[in-house]
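Architecture at a glance
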Amino acid sequence: MSSHQTDRHHFELQIVYARPIFILLALLAVLEQPPSRGAHRSASFLIAYLLAALLITQIERLLRKRSWHLPLACDLLALGFFMYTSPSTVPVWFPYMFLCYAAGIRWGLELTLPLAGALSLILVLLTAVKGDIHWMRVVSWLGLTVGTFAGGAGLAFLGDRNRRFASQIEFFSRLSATIQVDQGLAESLRLFLEELATTFGAAEALMLYRDTDLERIFLWRMKAGESERLVPESMPLSRTDGFLLDDMDATICWNSLAGSGSGFGWDRRDGRTLKNLPRLPGPVQQELKVTSFATVAFDQGGQATGRIFLLNGRKPFQKQDLAWFENIAAHISPALENIFLLRHLRARAIEAERSRIARDLHDGILQTLLSIEIQLDVMRRQLPAAPDQAVSGLASLQQTVKNEGAELRQTVTDLRPLRVQSADLVDLMRGFAERYRNESTVALDLLIDSAQLRAPDRVCREIFQIYREALNNIKKHAKASHVVVKLSQDDSRLVLVVDDNGEGFSFAGRFTGDELDRLRLGPISIKERARTVGGVLTVESNPGHGARLTIEVPLG
């Protein structure tokens, strides 16, 4: 059951349990009346109604998966019959109050108020007909009418507040579902902006994000009814004032931009009304074809970093619409921040991976090709005088090209995406270790505590990539003769340790991943992969005597 379904069920339970309570209060009020035939008949009806209400609590609890609830029309009919049989109108007030409260939850305040007014008028008329007040006491009659209606309207208001709260929770759940890490930034923003445009009846919704690291502004535009993948427009920071306005803390609405225009807004920090509302520059209005708009800011790292716009609404925006829009932005800001941070992490990981590939190609095949070129030039000159040496040299070059081709194929294979599951991790690590021993002169000891690891697939995938990259780095750069890899798991964490006896890193000591970032040291790609799964990287280096990498991934 989803969160908004749980909230809706909670408010329906309020109706289910409130019904027998109000009926019991009405029964007590009837029992306070002088004994009469009407009182006995009313008491019998209320007892039967109470038993039915208690039975309904069990039925609705059993059938909650089918979303079945007793229609309020049944309670309305019961109230009408009780009005007719009750010897006094005092007991009738309790089921009347219950009906107003339940109708406020299910139907809303606008539909419940006329019903409360009609029922209160009927109750007062019944009071007058039964002689509880005299017709000439107009003031008392009016006071009783107003008081009865006010009581019903108050409970209807409470019910309507519950209904609105449930609707808001449902809407927030729907918005949160649109922003998912797995579906990526573009698809998350498309679904989010589409939901906003539909909810507020806008022709277009757009988001602007100021990326201070890249010194660019990114603009995503979503027109209502479109389903194409969003591709952001990139603009220089010089256009900040034009698109992000000159006050990032202003919550603004312009229902008309013609002439002096018609708008309102406030400072989101203190709610103070803005006397001079910022406006979009003319060129921006023409570029976006804006006739009306509402805009709010969203935060990242506690500071306003972008804006969300609703353009060209089908009807004028009201202040309550803008306040609701501001609440949405505040609610969704943490999710947007996570999406943008993930985007940064992925960009950094891609950059690190490209740097690693470029470094490997430069140190490997490119150097080999340069050496082959030089040797070929030497053999070309020696060929007339020493053909036998040329033949021997060509055989050696052929073997070199063969070895480099095999290494290049292995590099391409390693670049292919892996689908690693917890059940496959141990076998994959052992298979790679066997191949590693055959292809290098480094002695490898792989120690795994358990053959059955229980960890999320994404954790296993990153652990395997770290394991493979660390061993390849040792083979190419560490000049080690022996490496020991240990993999262990307990109830709270998964630990990978890679320990070699090579040259170590250029620094000495024991550092965490964050400390290495500040010092601009350590294996960049491994640091990013460890952070991706919430792991903690520790590097211990002793230049000339080896290094140890430890990755601890919590499994909470």
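Let me sum up the structure you'll find in this document. Not measured: the values here are computed from a predicted model.

1. With respect to the overall build of the chain
- For the chain, the helix and strand inventory stands at 15 helices and 13 strands.
- The buried share among the 556 residues of the chain stands at 43%.
- When the accessible surface of the chain is summed, it comes to about 30,200 Å², and 56% of that surface belongs to carbon and sulfur atoms.

2. Digging into the sheet that holds strand β2 (residues 216-223)
- Spatially, seven strands are ordered β3-β2-β1-β7-β6-β4-β5 in an open sheet, and the strand pairing comes out antiparallel. Of all strands in the sheet, those with a lone pairing partner are β3 (233-236) and β5 (262-267), marking the two edges. The mean inter-strand angle of the sheet, taken between neighbouring strand axes irrespective of direction, is 20 degrees.
- Across eight bridges, strand β6 (residues 293-300) lies against strand β7 (residues 303-313) in antiparallel orientation. When the sheet's bridge partners are listed, D299 is paired in β7 with A304.

3. Digging into empty space enclosed by the protein
- For the coordinates displayed, the defined rule picks out one cavity of 30 Å³ or more.
- Volume-wise, the largest cavity comes out at about 50 Å³.
- Lining the largest cavity are R19, F22, I23, Y49, D75, L79, P95, F98 and L99.
- When residues of the lining of the largest cavity are traced back to their parent elements, those giving at least two are α1 (3-31), α3 (72-85) and α4 (93-106).
- The residue makeup of the lining of the largest cavity, split by class, is seven nonpolar, no polar and two charged.

4. What to know about the environment of H545
- Residue placement: H545 occurs in the loop between β12 (536-542) and β13 (546-554).
- Accessibility expressed as a relative area gives 60% for H545, which makes it exposed.

5. Focus: the pattern of salt bridges
- Following the criterion strictly, the structure yields 20 salt bridges and no others.
- Ionic pairing is found between R531 and D517, a salt bridge with its closest N-O pair at 2.0 Å. Placement of R531 in helix α15 (residues 524-532) and of D517 in helix α14 (residues 513-519) is noted, with a sequence separation of 14 residues between them.
- Of the residues examined, D517 reaches a relative accessible area of 27% and is grouped as partly exposed.
- By sharing partners, the salt bridges in this structure join D249, D267, R268, R269, D270, R272 and D299 into a single network.

6. Focus: the nonpolar core
- Judged by nonpolar contacts, the single largest core of 39 residues is most densely connected at Y467, V485 and L496.
- Looking at this core, the elements with two or more residues in it are α12 (425-439), β8 (443-448), α13 (457-478), β9 (482-489), β10 (493-500), α15, β12 and β13.
- Looking at this core, the element that brings in the most residues is α13, giving ten residues.
- Once residues within four sequence positions are removed from consideration, L496 is found in contact with M429, I463, I466, Y467, V485, K486, L487, L549, T550 and I551.
- Residues A202, I328, L336 and F340 belong to the second largest nonpolar core, which totals 36 residues.

7. A few points about the packing of α3 against α4
- The N-to-C vectors of α3 and α4 enclose an angle of 160 degrees; their axes lie 10 Å apart at closest approach. Classified by the angle between their axes, α3 and α4 sit roughly antiparallel to one another. In this structure, the crossing between α3 and α4 has a hand that is left-handed. Judged by residue contacts, L72, D75, L76, L79 and F82 of α3 engage P95, Y96, F98, L99, A102, A103 and R106 from α4.
- The residue makeup of the contact of α3 with α4, split by class, is ten nonpolar, no polar and two charged.

8. Overview of unusual backbone geometry
- Phi is positive for N312, close to 55 degrees, though the residue is something other than glycine.
- Assignment of secondary structure puts N312 in strand β7.
- Given the relative accessible area of 19%, N312 is considered buried.
- Here the phi dihedral of R520 falls at roughly 55 degrees; this positive angle occurs in a residue that is not glycine.
- Assignment of secondary structure puts R520 in the loop between α14 and α15.
- Look at R520 and you get exposed, because its relative accessible area is 76%.

9. Observations regarding the sheet that holds β13
- Strand order in the open sheet formed by six strands is β8-β9-β10-β13-β12-β11, and the pairing between neighbours is mixed. The outermost strands of the open sheet, each flanked by one partner alone, are β8 and β11 (509-512). Going across the sheet, the axis of each strand differs from the next one's by a mean of 10 degrees, ignoring polarity.
- When β12 meets β13, the two strands line up antiparallel, connected through seven bridges. Among the inter-strand pairings, N542 is bridged to a residue of β13, identified as G546.

10. Brief notes about the packing of helix α2 (residues 37-62) against α3
- Interhelical geometry of α2 versus α3 gives an angle of 165 degrees and a closest axis separation of 9 Å. Comparing their axes, α3 and α2 come out roughly antiparallel. As for the relative orientation of α2 and α3, their crossing is left-handed in sense. On the side of α2, the interface is formed by G38, R41, S42, F45, L46 and Y49, while α3 contributes D75, A78, F81, F82 and T85.
- Of the residues assigned to the contact of α2 with α3, the class counts are six nonpolar, three polar and two charged.

11. Brief notes about the packing of aromatic side chains
- Scanning all chains against the criterion turns up 13 aromatic pairs.
- Consider the rings of F218 and W220, whose centres lie 6.3 Å apart with planes at 35 degrees: the pair is tilted. For the pair F218 and W220, one class covers both residues: buried.
- R279 extends its terminal NZ or CZ atom over the ring of W254, reaching a point 4.5 Å from the ring centre.

Thresholds, definitions, all that
Residues numbered from 1 in each chain as written. Predicted model: local features only at pLDDT ≥ 70, side-chain atom pairs only at ≥ 80, totals over all residues. Heavy atoms only, no water. Helix = DSSP H or I, 4+ residues; strand = E, 2+ residues; numbered from the N terminus. Buried < 20%, exposed > 50% of the residue type's maximum accessible area, 1.4 Å probe, protein only. Areas by Shrake-Rupley, 256 points an atom, 1.4 Å probe, with all protein chains shown as cover. Pairing = 2+ DSSP bridges. Axes fitted to C-alpha atoms, helices over the stretch in contact; angles between N-to-C directions. 1 Å grid on protein atoms, 1.4 Å probe; cavity = no way out; pocket = protein on both sides within 12 Å on 5 of 7 lines; lining within 4 Å. Points joined across faces, edges and corners; volume = space filled by probe spheres on them. Nonpolar A, V, L, I, M, F, W, Y, C, P; charged D, E, K, R; others polar. Salt bridge = Lys/Arg side-chain N within 4 Å of Asp/Glu carboxyl O. Core = buried A, V, L, I, M, F, W, Y, C linked by side-chain atoms within 4.5 Å. Contact = heavy atoms within 4.5 Å. Parallel < 35°, antiparallel > 145°, perpendicular 65-115°, else oblique. Left-handed = near helix turned anticlockwise from the far one by under 90°. Phe/Tyr/Trp six-rings, centres within 6.5 Å; stacked < 30°, edge-to-face > 60°. Lys NZ or Arg CZ within 6 Å of the ring centre and 35° of its normal.

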